[in-house]
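# Descriptive structure summary
The lines below spell out each chain.
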Amino acid sequence: MKLVPLGDRVVLKQTEKEETTKSGIILAAKAQEKPVTAEVIAVGPGGMVDGKEVTMQVKVGDQVIYSKYAGNEVKLDEEEYVIVKQSDILAIVE
Amino acid sequence: MKLVPLGDRVVLKQTEKEETTKSGIILAAKAQEKPVTAEVIAVGPGGMVDGKEVTMQVKVGDQVIYSKYAGNEVKLDEEEYVIVKQSDILAIVE
Amino acid sequence: MKLVPLGDRVVLKQTEKEETTKSGIILAAKAQEKPVTAEVIAVGPGGMVDGKEVTMQVKVGDQVIYSKYAGNEVKLDEEEYVIVKQSDILAIVE
Amino acid sequence: MKLVPLGDRVVLKQTEKEETTKSGIILAAKAQEKPVTAEVIAVGPGGMVDGKEVTMQVKVGDQVIYSKYAGNEVKLDEEEYVIVKQSDILAIVE
Amino acid sequence: MKLVPLGDRVVLKQTEKEETTKSGIILAAKAQEKPVTAEVIAVGPGGMVDGKEVTMQVKVGDQVIYSKYAGNEVKLDEEEYVIVKQSDILAIVE
Amino acid sequence: MKLVPLGDRVVLKQTEKEETTKSGIILAAKAQEKPVTAEVIAVGPGGMVDGKEVTMQVKVGDQVIYSKYAGNEVKLDEEEYVIVKQSDILAIVE
Amino acid sequence: MKLVPLGDRVVLKQTEKEETTKSGIILAAKAQEKPVTAEVIAVGPGGMVDGKEVTMQVKVGDQVIYSKYAGNEVKLDEEEYVIVKQSDILAIVE
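Note that this is a predicted model, so its numbers are computed, not measured. (Residues numbered from 1 in each chain as written. Chains lettered and ligands numbered in written order. Predicted model: local features only at pLDDT ≥ 70, side-chain atom pairs only at ≥ 80, totals over all residues. Heavy atoms only, no water.)

## Here we look at the environment of Gly 44 of chain F
Residues and elements named next belong to chain F. By the secondary structure assignment, Gly 44 is in the loop between strand 5 (36-43) and strand 6 (47-49). Sequence-wise, Gly 44 and Leu 3 are 41 residues apart; in three dimensions their C-alpha atoms are separated by 9.9 Å. Excluding residues that lie within four positions of it along the chain, Gly 44 makes contacts with Pro 5, Gly 7, Arg 9 and Met 56. (Helix = DSSP H or I, 4+ residues; strand = E, 2+ residues; numbered from the N terminus. Contact = heavy atoms within 4.5 Å.)

## A look at the interface of chain A and chain G
Taken residue by residue, the interface counts 17 residues in chain A and 19 residues in chain G. Where chain A meets chain G, there are one salt bridge. Between Asp 50 of chain G and Lys 52 of chain A there is a salt bridge; the shortest N-O distance is 3.2 Å. In this structure, the connection of chain A to chain G is made through six residue pairs in polar contact (both at pLDDT 80 or more). Contributions of two or more residues to the side of chain A that touches chain G are made by strand 7 (52-54) and strand 11 (89-93) of chain A. Considering each element in turn, the side of chain A that touches chain G owes the most residues, five residues, to strand 11 of chain A. (Salt bridge = Lys/Arg side-chain N within 4 Å of Asp/Glu carboxyl O. Polar contact = N/O pair within 3.5 Å; in protein donor to acceptor, adjacent residues only side chain to side chain.)

## Observations concerning the sheet that holds strand 5 (residues 36-43) of chain C
Pairing is antiparallel across the open sheet formed by seven strands, whose spatial order is 1(B)-11(C)-8(C)-5(C)-2(C)-10(C)-9(C). For this open sheet the edge positions go to strand 1 (3-5) of chain B together with strand 9 (72-76) of chain C, each flanked by a neighbour on one side alone. Each adjacent strand pair in this sheet contributes to an overall mean axis angle of 40°, direction not counted. Pairing analysis gives five bridges linking strand 9 of chain C to strand 10 (residues 79-85) of chain C, with the strands arranged antiparallel. (Pairing = 2+ DSSP bridges. Axes fitted to C-alpha atoms, helices over the stretch in contact; angles between N-to-C directions.)

## Observations concerning the packing of aromatic side chains
Enumeration according to the criterion identifies zero aromatic pairs over all chains in this entry. In this structure, Lys 13 of chain F packs its charged tip against the face of Tyr 81 of chain F, placed 5.5 Å from the ring centre. (Phe/Tyr/Trp six-rings, centres within 6.5 Å; stacked < 30°, edge-to-face > 60°. Lys NZ or Arg CZ within 6 Å of the ring centre and 35° of its normal.)

## Concerning the interface of chain B and chain A
The interface is formed by 17 residues belonging to chain B together with 19 residues belonging to chain A. Where chain B abuts chain A, roughly 1500 Å² becomes buried across the two surfaces, and 60% of that area is made up of carbon and sulfur atoms. The interface formed by chain B and chain A includes one salt bridge. If you look at where chain B meets chain A, you find six residue pairs in polar contact (both at pLDDT 80 or more). Elements supplying a minimum of two residues to the side of chain B that touches chain A: strand 7 (52-54) and strand 11 (89-93) of chain B. No other element matches the five residues that strand 11 of chain B contributes to the side of chain B that touches chain A. Here the side of chain B that touches chain A is composed, by residue class, of eight nonpolar, four polar and five charged. For strand 1 (residues 3-5) of chain A and strand 11 of chain B, the ladder comprises three bridges, and the chain directions are antiparallel. The residue bridging Leu 3 of chain A from the neighbouring strand is Val 93 of chain B, located in strand 11 of chain B. (Buried area = accessible area lost by both parts, 1.4 Å probe. Nonpolar A, V, L, I, M, F, W, Y, C, P; charged D, E, K, R; others polar.)

## Digging into the environment of Ile 89 of chain C
Here Ile 89 of chain C lies in strand 11 (residues 89-93). You can call Ile 89 of chain C buried: its relative accessible area is 0%. Sequence separation between Ile 89 of chain C and Ile 65 of chain C is 24 residues; the distance between their C-alpha atoms is 6.0 Å. Not counting chain neighbours up to four residues away, the residues in contact with Ile 89 of chain C comprise Leu 6 and Arg 9 of chain B together with Val 10, Val 58, Val 64, Ile 65, Tyr 66 and Val 84 of chain C. (Buried < 20%, exposed > 50% of the residue type's maximum accessible area, 1.4 Å probe, protein only.)

## Looking at the sheet that holds strand 11 (residues 89-93) of chain D
In space, the seven strands of this open sheet follow the order 1(C)-11(D)-8(D)-5(D)-2(D)-10(D)-9(D), with antiparallel pairing throughout. Looking along the sheet, the strands with just one partner apiece sit at the ends: strand 1 (3-5) of chain C together with strand 9 (72-76) of chain D. Each neighbouring strand pair of the sheet contributes to a mean axis angle of 40°, computed without reference to strand direction.

## Quick word on the pairing of strand 8 (residues 63-66) of chain C
All names here are of chain C. Here strand 5 pairs with strand 8 via four bridges, running antiparallel. Considered in strand 8, the bridge of Val 36 is made with Tyr 66. For strand 8 and strand 11, the ladder comprises four bridges, and the chain directions are antiparallel. The residue bridging Ile 65 from the neighbouring strand is Ala 91, located in strand 11.

## Notes on the pairing of strand 2 (residues 9-14) of chain B
Residues and elements named next belong to chain B. Counting buried positions along strand 2 gives five out of six residues, so the element sits mostly inside the fold. Alignment of strand 2 against strand 10 (residues 79-85), held across four bridges, turns out to be antiparallel. Each bridged residue has a counterpart across the sheet, and for Arg 9 the counterpart in strand 10 is Lys 85. Examined bridge by bridge, strand 2 and strand 5 (residues 36-43) share five bridges and lie antiparallel to one another. Bridge pairing in strand 5 links Gln 14 to Ala 38.

As far as function goes, none of this settles anything; it's purely spatial.
In structure tokens:
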């Protein structure tokens with residue numbers, strides 16, 4: 001099974017990594033108040049979305065940073081994904 | 001009796017499935033904080049909706065994931081449906 | 001006396017029906033947390049509404065389901081009506 | 001003195017009428033949770049309003065029902081009026 | 001010194017008048033929950049405002065009624081003015 | 001160092017003046033609930049801003065009144081400025 | 001690794017500087033209630049963003065002042081950045 005996003009949506013898989021706080025506590029990336037890095041898994045076709053022409057600028061395999069308050073978490077075949085609109089992707093990490 | 005959605009609306013029938021939490025409790029899909037899978041039952045004609053041209057991209061029989069806060073629950077002939085706008089559908093599951 | 005709706009508005013007459021809950025209590029349709037069925041009584045002319053061209057898609061006599069949080073209740077000659085915008089009508093029931 | 005409304009505004013004079021509740025209490029129309037009937041006293045010229053072309057569809061003397069949360073109450077020469085935008089008028093009563 | 005309003009703004013000078021309540025208390029017009037009458041002191045040039053073409057419809061000397069929650073109070077040379085957008089003016093009083 | 005505003009932004013320098021309340025307390029202009037006067041220090045180029053064509057109507061040296069809730073305070077070389085959008089400027093004082 | 005912003009986004013690196021308050025306490029720039037200065041690190045391509053044509057007006061190396069409530073903080077290779085939309089940049093400091 002795979003996810004085929006509609007419109008300007010992008011399926012992301014969060015790149016999990018642990019990080020140590022200054023006081024020594026280990027926090028999972030999810031618990032932090034920062035945008036997180038993710039890999040692009042699938043990209044919608046773009047086109048006319050909400051009355052506006054959208055050209056997709058990310059591609060499968062890109063590492064991206066997205067706004068952490070954006071998107072919907074989806075679970076498929078025991079894997080967790082996040083589906084965001086392309087406009088919620090802040091930057092590509094090269 | 002059948003539902004004929006207007007504009008960019010789509011009639012969905014939620015795919016019910018139970019799921020076991022890590023602590024062993026069985027939760028119905030509805031109680032979870034995640035988008036849920038549903039089958040497309042009927043698709044509106046699209047066209048000019050709220051001043052914007054909308055082309056319908058899903059078709060009857062598609063399995064889709066939609067934003068759980070979207071849509072209106074409708075009960076017809078003892079069956080429960082959810083009517084969403086196509087823009088609330090995140091992805092097709094293939 | 002009759003109601004002649006303006007713009008994209010539609011006059012509905014709710015189809016009252018009682019329904020029994022699982023615990024045996026009878027609830028009037030109004031008390032339920034669901035969209036309700038109504039009959040279309042009068043249809044506005046459509047045209048340019050709030051700067052957008054609207055074509056009316058429902059007609060007098062249609063049974064429709066509308067979003068329960070939408071519309072204004074109106075009482076005329078001891079009859080109660082609901083006036084909604086066409087965009088608050090989710091689907092026609094055939 | 002008279003009121004000459006600007007743009008898409010309409011001056012209404014509420015049709016006062018008392019109504020008896022089921023428990024026998026008499027309520028003035030204003031105290032009820034329903035849209036109220038009013039007579040059209042003056043109609044703005046319409047035209048370009050907030051960047052959108054508006055054609056006036058009501059005329060002086062029309063009995064109309066308007067959304068009770070809309071409009072501004074105005075007192076002139078001891079008479080009370082309500083000034084609404086035409087889009088807050090739900091229907092003409094014929 | 002004089003105020004030259006920009007865009008679709010209009011400088012008003014409130015017409016102060018006292019009014020007696022039914023219980024005999026005298027209220028200044030400002031304390032009332034009603035739109036108040038004002039005289040137009042200066043009118044902006046109109047033109048393209050927030051991406052929309054605005055034609056000014058009031059002129060200096062007009063008595064107008066405006067929405068009491070609109071506008072900014074300004075004090076210049078010990079005189080108090082209110083600066084509103086033309087769209088906050090409900091009607092001209094003739 | 002100088003500030004070069006982008007788009008439809010305008011750099012203002014507030015005209016500080018003290019004012020005595022009726023009870024004799026001296027209030028700095030900042031503490032008052034009124035729009036304040038300021039001098040225009042720099043003017044952005046205007047042009048296409050947020051999809052709308054904006055023509056700049058104020059010029060360096062103008063005394064203006066602006067909405068006190070608008071703008072961002074900026075400190076540069078020990079001087080305080082306010083950067084507002086031109087649409088937050090209510091009027092020019094001549 | 002580097003950040004390649006999408007659309008009208010700009011990657012900034014805050015110019016850290018300490019500042020002494022009147023009472024002698026040293027505050028890091030972040031704790032202050034003012035827009036802060038930052039250097040432009042990377043600039044998105046602009047183009048059609050949310051249905052509006054955007055031309056980028058800042059370039060790498062510019063010192064800018066941006067609205068402190070705007071943007072997303074991003075950490076990459078132990079460096080902290082802020083990603084803002086160009087419209088959140090108030091002015092260039094020359």
